[in-house]
Each structure stands twice: as C-alpha cells, then as structure tokens.
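Per-entry structural report
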Amino acid sequence: MQHTEFAVLRQPNWRDSFAWAIRNSDELIDRLQLPESLKGPARLAAETFPLVVPESFLARMKTGDPSDPLLRQVLPISHELESPATYQIDPVGDQAARVLPGLLQKYEGRALLITTGACAVHCRYCFRRHYPYQDDPKGLEELEPAFAQIEADRTIREVILSGGDPLTRTDSWLSRLGERINRIPHVEVVRIHTRLPIVLPDRVDPSLIAWMTESRWKPVVVLHANHPNELVDDCADAIGRLREAGMVLLNQAVLLRGVNDDVETLEQLSRRLIQLGVLPYYLHQLDRVRGAAHFEVSLDQGRRLIEELRKRLPGYLVPRFVQEIEGEPSKTPLA
Ligand SMILES: *Cc1c(COP(=O)(O)O)cnc(C)c1O
Ligand code: SF4
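Residues numbered from 1 in each chain as written. Chains lettered and ligands numbered in written order. Predicted model: local features only at pLDDT ≥ 70, side-chain atom pairs only at ≥ 80, totals over all residues. Heavy atoms only, no water.

Looking now at the overall build of the chain. The helix and strand inventory of the chain stands at 13 helices and 10 strands. Its C-alpha atoms give the chain a radius of gyration of 20 Å, within 12% of the compact-globule value 20 Å for 335 residues. If one aligns the C-alpha atoms of the chain with their principal axes, the spans along those axes are about 60 × 55 × 45 Å. Buried positions account for 54% of the 335 residues belonging to the chain. Counting only carbon and sulfur atoms, one obtains 52% of the accessible surface of the chain, whose full area is about 15100 Å². (Helix = DSSP H or I, 4+ residues; strand = E, 2+ residues; numbered from the N terminus. Rg over C-alpha atoms; globule rule 2.2 N^0.38 Å. Buried < 20%, exposed > 50% of the residue type's maximum accessible area, 1.4 Å probe, protein only. Areas by Shrake-Rupley, 256 points an atom, 1.4 Å probe, with all protein chains shown as cover.)

Here it is, written out as structure tokens:
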C-alpha cells in the first residue's frame, strides 16, 4: 500500500514539468556550465522572444558544450539581433491566409487552427516567433466562427491543430475541441502538429492517448525533431506510448546550420525515427523569419544533402525537402 502511494505521488505531471521549464537564460547558461560571456547577448535576444526550455530537453544536452545541437536550437545569441531586411516578421504569409480568427487556409482540403500561442520550448528559428497570437481566440467559443466555416465547406477533410503547440492546451479544452470536430462529418482526419512529445514527454499521458483514440476522426501526429540526440530517454518512451496506441506518426525537421546540416546527422535522424516507428515527412528549408538568419543553410547545400541521403537510405527514410512559398498551392518541393 505504501508503495502504491509513493508511486502515485511520483507520477510525473506534465503541467508541473511545463511550469518548471527554464525561462531564464542565465540559469540555462549556469546549468550547462557555459561561458559567462554568453549571458549578456542571451538576455538581450530573449527580450524579443523569451527563452523556454523544459528540464527534459535540457537533460539531453551536453554540459560545457556551447555548440551542442539541442542547445543551439534554444539559446538566444547575439546573431538574432542582426537580421538582414530579407528576414521578415511573417515570412510565410500567415496573415494573408488568415480567413477568420484562429483559422488559416492555404491548401485545398485542409484547414489549420491556431489553437494557442504557447509552446513548451521556444525554438529560436520559429517562423511564428513574431506571430500576433494576441489577436487570435483564447477560449473555444471564440473559435466557433472557424468551426462554422469548416462545417460549411465540405471540401475540408482534414483539420490541422497548430499554434503554438496544441498539446499545451488542457485535456478538457482538447476534449471539447475534439467533440466539436466530431460533429463535422466531412472532417476525417485531425492532424496534430506538436513538439511536446519531444521536449515535454510527460505530456503523453493516458488521458491524452484516450483523447486521441476515442474520437471518430483519425489522428495523425506530426512531431518536430531536428537531431537524433533529441530522440532518446523519456522522449523515446513517449513516442513508444503513441506507437502502442496505434498512432500514425510523422516527423518534420528544419534544416538548421550548426544543428543538422551534415549528411551523417540527417541520416542518423531518419534511422532513429524509424527505430521509434516514425516516418520522416518534411525537411523544411528555413523560413526567413527575423532573428533566424544565422540558421540558414543554402539551397544548394540542402539539395546536395538530400542527394547524398538518397544514396544512403531507403526511399521512405528520405524526407521531402520543401519550402513554404506564399501563394503557392502546396509546400514547394526543392529536390
Ligand atoms: C503547411 C500547412 C499545411 C499542411 O501542408 P501539408 O503539405 O499537407 O503538410 C496546411 N495548412 C497550412 C496553412 C500550412 O501552412
Ligand atoms: S515548437 Fe514549433 S511553434 Fe513552438 S517555438 Fe518551436 S517551432 Fe515554433
């Protein structure tokens, strides 16, 4: 009995893990025993887009290594403050595609809901790092016009939950959302774009799995991991739980300088993904968002990497190398 109680007490709770995420750049730098000189620039760069790093993600970084590929994705640095004019606030034309509050429509048959502005990690290269989330719905009631629009358009077969990260929403919010979508018969698939199983694996708990499996619509989960070092420990366990529940699992990555811009890393990423039952879906060319110029890899280099991956990997492990170009009818294939 005593043992059971102990186990219950120690049950990880994702809300706590989220609340305890590191939000102070000095603390991140100290915890990883990095040079003091990184602190000033980090503080400055975090003013425009705050730092957020959960403990679980931190645990997968190497102490004392400023070029750790996981750290590079989340540590604000001085380069963020020197963005060329070609790097914009809204690089992919989200505002032009916003048909109603919280609803983006760019492609046939699919509608994308901005479910929240919150994320459990702040990726420095995020193409929505300047997105005006404050103008979008907070409560589910405010999304009703978006639901009505989806309901009226029978060509929409798939609703994509995006943000921010939809899984930062509470179970009860998601449950009401899922029920609302259940009432729209032509929506067959709900696609969940999330990084939480990677950065906050506690989120994949029994009630989340129940929500995903007990609806009429078919769930498709699109994860976001950029480096094989992300896909270990509690993250690998979380993906395992999604697999056991029979979820279709895909991954999208962003090609990032100093993180995954070499063929070995991309090859290992694909191999690690399939070990966990996840198919590589997209490799995105960086969207030119202000503050992220230092992450860009040239198109030529990206194409060479994909060519090399094609030689080394079975076809299904080669991600589609794409870019989002405003006004195009789909993501644009680059290789
Ligand atoms: C990327 C995106 C989609 C999904 O595109 P797929 O190629 O189907 O993955 C849908 N809607 C919007 C607004 C998007 O930006
Ligand atoms: S998880 Fe996605 S939406 Fe959130 S900061 Fe990272 S790239 Fe942006």
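For the rest of this paragraph, the subject is the site of ligand 2. The environment of ligand 2 is formed by Cys119, Val121, Cys123, Cys126, Arg195 and His224. Partitioning the shell around ligand 2 into residue classes produces 4 nonpolar, 1 polar and 1 charged. (Near = heavy atom within 4 Å. Nonpolar A, V, L, I, M, F, W, Y, C, P; charged D, E, K, R; others polar.)

On to the packing of helix α12 (residues 263–275) against helix α13 (residues 299–312), then. Contact geometry of α12 with α13 gives a least axis separation of 10 Å together with a crossing angle of 50°. By the angle between their directions, the pair α12 and α13 is classed as oblique. As for the relative orientation of α12 and α13, their crossing is right-handed in sense. Facing Val263, Glu264, Leu266, Glu267 and Arg271 of α12, the residues of α13 in contact are Leu305, Glu308, Leu309 and Arg312. Along the lines of polarity and charge, the residues of the contact of α12 with α13 split into 4 nonpolar, no polar and 5 charged. (Axes fitted to C-alpha atoms, helices over the stretch in contact; angles between N-to-C directions. Parallel < 35°, antiparallel > 145°, perpendicular 65-115°, else oblique. Left-handed = near helix turned anticlockwise from the far one by under 90°. Contact = heavy atoms within 4.5 Å.)

With 12 residues, helix α8 (residues 171–182) extends 16 Å from end C-alpha to end C-alpha; this agrees with the ideal 16 Å at 1.5 Å per step. Inspection of α8 places Trp173, Leu174, Leu177, Gly178, Arg180 and Ile181 among the buried residues, and these make up the whole buried set. Relative to the axis of α8, the buried residues are bounded by an arc of 160° and lie together on one face. Its buried side turned inward, α8 meets β3 (110–114), α7 (144–152), β4 (158–162), β5 (189–193) and α10 (206–213). (Expected span 1.5 Å × (residues − 1). Arc of directions from axis to C-beta.)

Quick look at the packing of aromatic side chains now. For the structure shown, the criterion picks out 4 aromatic pairs. Ring centres of Trp211 and Trp217 lie 5.5 Å apart, and the angle between their planes is 70°; on these two criteria the pair is classed as edge-to-face. Overall, the relative accessible area of 11% leaves Trp211 in the buried class. Given the relative accessible area of 2%, Trp217 is considered buried. Look at Tyr281 and Tyr282: their rings are 4.0 Å apart centre to centre, the planes differ by 25°, and that puts the pair in the stacked class. Residue Tyr281 is classed as buried on the basis of its relative accessible area, which comes to 15%. For Tyr282, a relative accessible area of 14% gives the class buried. It is Arg128 that lies over the ring of Tyr131; its NZ or CZ is 5.9 Å from the centre. For the cation-ring pair, Arg169 lies above Trp173, with the distance from its terminal atom to the ring centre recorded as 4.1 Å. (Phe/Tyr/Trp six-rings, centres within 6.5 Å; stacked < 30°, edge-to-face > 60°. Lys NZ or Arg CZ within 6 Å of the ring centre and 35° of its normal.)

Attention shifts here to the pairing of strand β6 (residues 218–224). Most of β6 sits out of view: 6 of its 7 residues are buried. Where β5 lies against β6, 5 bridges are found, and the strand directions are parallel. Bridge pairing in β6 links Val189 to Lys218. As paired strands, β6 and strand β7 (residues 248–254) are joined by 5 bridges and run parallel to one another. Looking at β7, one finds that Val220 is bridged to Val248. Since β6 and β7 lie parallel, the crossover through helix α11 (residues 233–244) that links them has a hand, and here it is right-handed. (Pairing = 2+ DSSP bridges. Right-handed = clockwise from strand over helix to strand, strands pointing away.)

It is worth spelling out the site of ligand 1 at this point. In the vicinity of ligand 1, the contacting residues are Lys106, Tyr107, Arg110, Leu112, Ile160, Arg191, Tyr281, Tyr282, Glu324 and Lys331. Between ligand 1 and the protein, one listed contact pairs an oxygen atom with a side-chain N or O atom of Glu324 at 3.3 Å. The separation between an oxygen atom of ligand 1 and a polar side-chain atom of Lys331 is 3.1 Å. Within the complex, the protein chains bury 92% of what would otherwise be the 390 Å² of accessible surface of ligand 1. In this structure, ligand 1 is accommodated by the largest pocket. (Polar contact = N/O pair within 3.5 Å; in protein donor to acceptor, adjacent residues only side chain to side chain. 1 Å grid on protein atoms, 1.4 Å probe; cavity = no way out; pocket = protein on both sides within 12 Å on 5 of 7 lines; lining within 4 Å. Sits in = over half its atoms within 2 Å of the grid points.)

Inspection of the entire model under this criterion finds 1 cavity of 30 Å³ or more. In this structure, the largest cavity occupies an estimated 80 Å³ of space. As for the largest cavity, its lining consists of Asn251, Ala253, Leu266, Leu269, Ser270, Leu273, Pro280, Tyr281, Tyr282, Leu283, Leu309 and Pro319. For the lining of the largest cavity, the elements supplying multiple residues, two or more each, are β7, α12 and β8 (279–284). When the residues that make up the lining of the largest cavity are grouped by side-chain class, the tally is 10 nonpolar, 2 polar and no charged. (Points joined across faces, edges and corners; volume = space filled by probe spheres on them.)

Look at α8 against α10: their axes get within 10 Å of each other, and the N-to-C directions meet at 5°. One way to sum up the angle between α8 and α10 is to call them roughly parallel. For the pair formed by α8 and α10, the contact residues are Asp171, Leu174, Ser175 and Gly178 on the first element and Ser207, Leu208 and Trp211 on the second.

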